[in-house]
Each structure stands twice: as structure tokens, then as C-alpha cells.
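Descriptive structure summary
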Amino acid sequence: MSYDNDNIFAKILRGEIPSEMVYQDADTFAFMDIMPRAEGHVLVIPKSPARNMLDASPEQLAACLATVQKVSQAMLKAFGAAGITLQQFNEAAGGQEVFHLHYHVLPRHEGIRLNPPGVMGDQDLIKASADKIRTALQA
Ligand code: AMP
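Residues numbered from 1 in each chain as written. Predicted model: local features only at pLDDT ≥ 70, side-chain atom pairs only at ≥ 80, totals over all residues. Heavy atoms only, no water.

What to know about the nonpolar core
- Membership of the largest hydrophobic core comes to 22 residues, with the highest contact counts inside it found for Val22, Ala30, Met32, Val42, Val44, Met75 and Ile133.
- Elements with a minimum of two residues in this core: strand S1 (21-24), strand S2 (28-32), strand S3 (42-46), helix H2 (58-79), strand S5 (103-108) and helix H3 (123-138).
- It is H2 that provides the largest number of residues to this core, a total of 7 residues.
- If we ignore the near neighbours within four places in the chain, the residues touching Met75 are Gly40, Val42, Gly80, Ala81, Ile84, Val105, Pro107 and Ile133. (Core = buried A, V, L, I, M, F, W, Y, C linked by side-chain atoms within 4.5 Å. Buried < 20%, exposed > 50% of the residue type's maximum accessible area, 1.4 Å probe, protein only. Helix = DSSP H or I, 4+ residues; strand = E, 2+ residues; numbered from the N terminus. Contact = heavy atoms within 4.5 Å.)

Right, here's the structure in full:
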């Protein structure tokens, strides 16, 4: 399986389609999922091409996890979250739909289930969540 330069996250990285970015550094980019399974659902991706965890370099994986940790800690503050769920799918059989390596970072609260998959979020709410995460990252 090879990397497709026209996958949707590659287009986001090139600025060809919009995204609600919350954090970036030299190697990674973090932005809001448009179909949030929890308030504050963020995706963390490497800036360099990798189809998923199976073909990623150790450096890409390490950079992504460092950003996942940074964003997760900000989420605890931003949403008063009690925990974080991290999801990462590999190939269609593993549940992957977009073939650029990504980590789902989901703030969690006791007793609150994840939203069902595939439901578009309210853009204003997503923007408000992004504002809270960006503020927490700056603190
Ligand atoms: P998966 O490949 O199964 O891990 O899921 C891909 C994720 O990308 C889903 O949670 C989608 O809601 C999300 N997604 C798809 N297109 C966009 C987009 N343009 N901006 C933000 N998130 C997206």
C-alpha cells in the first residue's frame, strides 16, 4: 500500500482545504475533527507523508506522540476532562478511512459515552472547542 498525495489530510497540510488548527510544530499538525466523537476531538498528524503506523518512521511516531501528549494535557485544562482516549486505525480492515497517519485525541468525562461516528459537528461549537484548547496550550 502506498501513500496517496491527494488524501484529504495532505490537502489540509498544503492549505488546499480549510481546517481548524490548534497546534503545529516543525513535524506535526493538530486540528479539530469535523465529526467529533467527543467535545474537543482533535486529530494529530505528521507533516511528512506516512500512510499509517505501519509505514511510519520511529521519528514520525515519536513526534506525533509528543504532540498528542501536549494536546492531551491542554485538553484536561480546557474541558476539565477526567481522562483521554487515544485512537489510531491502520488500513481499511483496521477502521482507517483517511490514509495519512493520524491519532484521534478524545477528552473524556466519567460516564459520558463517545458520540456515534460519522455525524458532522456544529462548526461554531468546534471553533469554540478549538479556542479553549489553544488558550490552554498558551497558558
Ligand atoms: P479514520 O481514518 O477512521 O481514523 O477517521 C478519519 C477521521 O477524519 C474521521 O474522524 C473524520 O471525521 C475525520 N475527517 C475527515 N475529513 C476531515 C476534515 N476535512 N477535517 C477534519 N477531520 C476530518
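Next comes the rest of the description.
Things to note about the site of the ligand
- Not every one of the 16 residues close to the ligand is listed here, only the nearest: Asp33, Gly95, Glu97, His102 and His104.
- At a separation of 3.3 Å, a nitrogen atom of the ligand approaches a polar backbone atom of Ile34.
- At 2.8 Å from an oxygen atom of the ligand is found a main-chain nitrogen or oxygen belonging to Gly95.
- Protein coverage of the free-state accessible area of the ligand, which is 500 Å², stands at 88%.
- Going through the elements one at a time, helix H1 (8-13) and S2 are the ones with two or more residues in the shell around the ligand.
- The greatest single-element share of the shell around the ligand, amounting to 3 residues, is contributed by H1. (Near = heavy atom within 4 Å. Polar contact = N/O pair within 3.5 Å; in protein donor to acceptor, adjacent residues only side chain to side chain. Areas by Shrake-Rupley, 256 points an atom, 1.4 Å probe, with all protein chains shown as cover.)

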